[in-house]
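Notes for the structure review
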Amino acid sequence: MHKITIFFYLPLPGQDFNSGWQKFMGLAEKMPGLRRETVSEISELVFGSQGHQFIKIHEFYFDSRQSLNAALQSPEGQAAGDWLHAFTRKRFSMLVAEHKEALPEEFVR
């Protein structure tokens, strides 16, 4: 599985982040091949650079890197990306990663 992870920075003063983010979700959820989506609200920075304060992490999961790439290149992915840049004023970081999970019975102890 592969995923896109977006780290959203604190919005600028007067920026209506929530309505922009809701519109982004509506656009992004139309991407072909999207299998799963998770959202995390950041409550505390335990360790790390104070240079960027994150408020939200949004992840989109796909079966393969090929399906992720196809989603990003699709009209739906392009529309979501265009809106992401516009509503955040480019105040985000985005990563692509291969996603792996381990169940408790698979943990090395």
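In the block above lies the structure referred to throughout.
Residues numbered from 1 in each chain as written. Predicted model: local features only at pLDDT ≥ 70, side-chain atom pairs only at ≥ 80, totals over all residues. Heavy atoms only, no water.

**Digging into helix α1 (residues 17-28)**
Threshold: Helix and strand definitions here come from DSSP, where helices need a minimum of 4 consecutive H or I residues and strands a minimum of 2 consecutive E residues; each element is numbered from the N-terminal end. Multiply 1.5 Å by the residue count of a helix minus one, and that product is the helix's expected span. Two residues form a contact once any of their heavy atoms are found within 4.5 Å.
Taking 1.5 Å per residue as the helical rise, α1 with its 12 residues ought to reach 16 Å, and the 16 Å between its terminal C-alpha atoms agrees with that figure. Looking at the packing, one finds that the buried side of α1 touches β1 (2-9), β2 (36-41), β3 (54-62) and α3 (75-88).

**Examining the environment of G48**
Positionally, G48 belongs in the loop between β2 and β3. For the pair G48 and M31, spaced 17 residues apart in the sequence, the C-alpha separation amounts to 32 Å.

**Quick word on the sheet that holds strand β4 (residues 92-98)**
Our working definition: Any two strands between which DSSP finds at least two bridges are classified as paired. The angle between two axes is taken between their N-to-C directions and runs from 0 to 180 degrees, where each axis is a line fitted to C-alpha atoms and a helix contributes only its stretch in contact.
Taken in spatial order, the four strands line up as β2-β3-β1-β4 in an open sheet, and their pairing is antiparallel. One side of each edge strand has no neighbouring strand; the edge strands of this open sheet are β2 and β4. Taken pair by pair, the neighbouring strands of this sheet meet at an average axis angle of 15 degrees, ignoring direction. Looking at chain direction, β2 and β3 are connected through six bridges and run antiparallel. Bridged to R36 within β3 is Y61.

**Some thoughts on the packing of α1 against α3**
The following threshold applies: Each angle gets one of four labels, with under 35 degrees taken as roughly parallel, over 145 as roughly antiparallel, 65 to 115 as roughly perpendicular, and the rest as oblique. In this count, Pro and Cys sit with the nonpolar residues alongside Ala, Val, Leu, Ile, Met, Phe, Trp and Tyr, while Asp, Glu, Lys and Arg are called charged and the others, Gly among them, polar.
At a minimum axis distance of 8 Å, the contact between α1 and α3 shows a crossing angle of 170 degrees. Between α1 and α3, the angle is such that the two are roughly antiparallel. On α3, the residues touching F17, G20, W21, K23, F24, L27 and A28 of α1 are E76, A79, A80, W83, L84 and F87. Split into classes, the residues belonging to the contact of α1 with α3 amount to 10 nonpolar, one polar and two charged.

**Quick word on the nonpolar core**
Note the cut-off: For our purposes a nonpolar core is just a set of buried Ala, Val, Leu, Ile, Met, Phe, Trp, Tyr and Cys residues, chained together by side-chain atoms within 4.5 Å. In this scheme, a residue with accessible area under 20% of its type's maximum is buried, one over 50% is exposed, and one in between is partly exposed, where area comes from a 1.4 Å probe on protein chains only.
Among the nonpolar cores identified, the biggest contains 18 residues, and I6, F8, F24 and F60 are the most heavily contacted of them. Mapped by element, the contributors of at least two residues to this core are β1, α1, β3, α2 (65-73) and α3. In terms of residues, this core owes the most to one element, α1, which gives five residues. Not counting residues within four places of it along the chain, the set of residues in contact with F60 comprises H2, K3, I4, I6, F24, A28, M31, L34, R36 and E37.

**Quick notes on the packing of aromatic side chains**
Under the convention used in this document: Working definition: a ring pair exists when centres of Phe, Tyr or Trp rings (six-membered ring for Trp) sit within 6.5 Å. Plane angles under 30 degrees give stacked, over 60 give edge-to-face, the rest tilted.
Counted under the stated rule, the structure contains nine aromatic pairs. Aromatic pair Y9 and F54: ring centres 5.4 Å apart, planes at 40 degrees, arrangement tilted. Of this pair, Y9 sits in strand β1 while F54 is found in strand β3, placing the two residues 45 residues apart along the sequence. What makes F54 partly exposed here is its relative accessible area of 31%.

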